[in-house]
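Geometric and topological summary
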Amino acid sequence: MKRFLFLTLLSCVGLCTHVMAEEKKGDRDEEEDRSISHAPVEVEMLNDEVMLHFMTSIDELLILVVNSKGAIVHEELISITVPQTYSLFMIDIQSEAYSLRLKGDNIYEEFTFYF
């Protein structure tokens, strides 16, 4: 009887360990998927600078910065031929919400940021 209880307990512990290892592996797989960016551009704020990290080439890209009232405060047309970082310097703008709009070939991205 003791041997039967011991084997049953050992089987339960082994099963629980196996299930917990599979759950942990699933969490890691989901985390790795989240960390991979498939977006053609990533935006980073650094003081009064907006950095655009382009992952692919884009022939013509219109960059618009629009304030909370809908007025365009910055407009620029650029061409990205290789993956690169492009900086926008936001000097002499008021503290409020802004919308960064990127329009181009097969791309439309909109980001909101605050100064």
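I will try to describe carefully the structure that is included in this document. (Residues numbered from 1 in each chain as written. Predicted model: local features only at pLDDT ≥ 70, side-chain atom pairs only at ≥ 80, totals over all residues. Heavy atoms only, no water.)

1. What to know about the sheet that holds strand β3 (residues 58-67)
Neighbouring strands of a sheet are bound in pairs by backbone hydrogen bonds; such pairs are parallel or else antiparallel. This is how the line gets drawn: When DSSP finds two or more bridges between a pair of strands, those strands are recorded as paired. Strands here are runs of E lasting at least two residues and helices are runs of H or I lasting at least four, both read from the DSSP assignment and numbered beginning at the N terminus. Between N-to-C directions, angles cover 0 to 180 degrees, with each direction set by a line fitted to C-alpha atoms, over the stretch in contact for helices.
Read from one edge of the open sheet, 4 strands run β4-β3-β6-β7, paired in antiparallel fashion. In this open sheet, the two strands that pair with only one neighbour each are β4 (72-80) and β7 (107-114). With strand direction ignored, the average angle separating the axes of adjacent strands in the sheet is 15°. Relative to β7, strand β6 (residues 97-104) runs antiparallel, the two sharing 8 bridges. Opposite Y98, over in β7, you have F113 as the bridge partner.

2. Examining the nonpolar core
Keep this limit in mind: To form a nonpolar core, buried Ala, Val, Leu, Ile, Met, Phe, Trp, Tyr and Cys residues must be joined to one another through side-chain atoms within 4.5 Å. Burial status follows relative accessibility: with a 1.4 Å probe on protein chains alone, a residue under 20% of its type maximum counts as buried, one over 50% as exposed, and anything between as partly exposed.
Judged by nonpolar contacts, the single largest core of 17 residues is most densely connected at L52, F54, L61, I63, L88 and L100. At the level of elements, β2 (49-54), β3, β4, β6 and β7 are the ones that each hand at least two residues to this core.

3. A word on the packing of aromatic side chains
How two aromatic rings sit relative to each other is given by the distance of their centres and the angle of their planes. Inclusion rule: Here a Phe, Tyr or Trp ring, Trp counted by its six-membered ring, pairs with any other such ring whose centre lies within 6.5 Å, and the pair is stacked when the planes are under 30 degrees apart, edge-to-face when over 60, and tilted otherwise.
Per the stated rule, a full pass over the model turns up 1 aromatic pair. Between Y98 and F113, the aromatic rings sit 6.0 Å apart at their centres with planes inclined by 20°, giving stacked as the arrangement. Here Y98, found in strand β6, pairs with F113, found in strand β7; they are 15 residues apart in sequence, far enough to count as distant. Take Y98: its relative accessible area is 3%, and that puts it in the buried class.

4. Remarks on the pairing of β2
For β2, the buried fraction is high: 6 of the 6 residues fall into the buried class. Judged by which residues are buried, β2 turns out to be covered on both faces: E49, M51 and H53 on one side and V50, L52 and F54 on the other are all buried. Sheet analysis places strand β1 (residues 41-46) next to β2, joined by 6 bridges and oriented antiparallel. In the strand pairing of β2, M45 is matched with V50. Taken together, β1 and the strand that follows it, β2, pair antiparallel across an intervening segment of 2 residues, in which N47 is found at a positive phi of about 55°. In the sheet, β2 pairs with strand β5 (residues 84-89) via 6 bridges, with the strands oriented antiparallel. By the bridge assignment, E49 is partnered in β5 with F89.

5. Things to note about the pattern of salt bridges
The line we're drawing: The term salt bridge refers to a pairing of a side-chain nitrogen on Lys or Arg with a carboxyl oxygen on Asp or Glu at a separation within 4 Å.
Scanning the entire structure with this criterion turns up 1 salt bridge. Measuring nitrogen to oxygen at the nearest pair gives 3.5 Å for the salt bridge that ties E110 to R101.

6. A word on the sheet that holds β1
Judged by pairing direction, the sheet is antiparallel, and its 3 strands sit side by side in the order β1-β2-β5 without closing on themselves. A single partner strand is all that each edge strand has here, and the edge strands are β1 and β5. Going from strand to strand, the sheet's axes swing by 20° on average, the running direction of each strand aside.

7. With respect to the side chain of H53
Worth spelling out the cut-off: Pairing of N or O atoms within 3.5 Å defines a polar contact, subject to two protein rules: one partner must be a possible hydrogen donor and the other a possible acceptor, and residues neighboring in sequence count only if both atoms are side-chain atoms. By definition in these notes, contact holds between two residues if any of their heavy atoms fall within 4.5 Å.
Note that H53 resides in strand β2. In this structure the side chain of H53 is engaged in a polar contact, spanning 2.8 Å, whose partner is the side chain of E44. When residues no more than four places from it in sequence are discounted, the contact partners of H53 are P40, V41, E42, E44, Q84 and T85.

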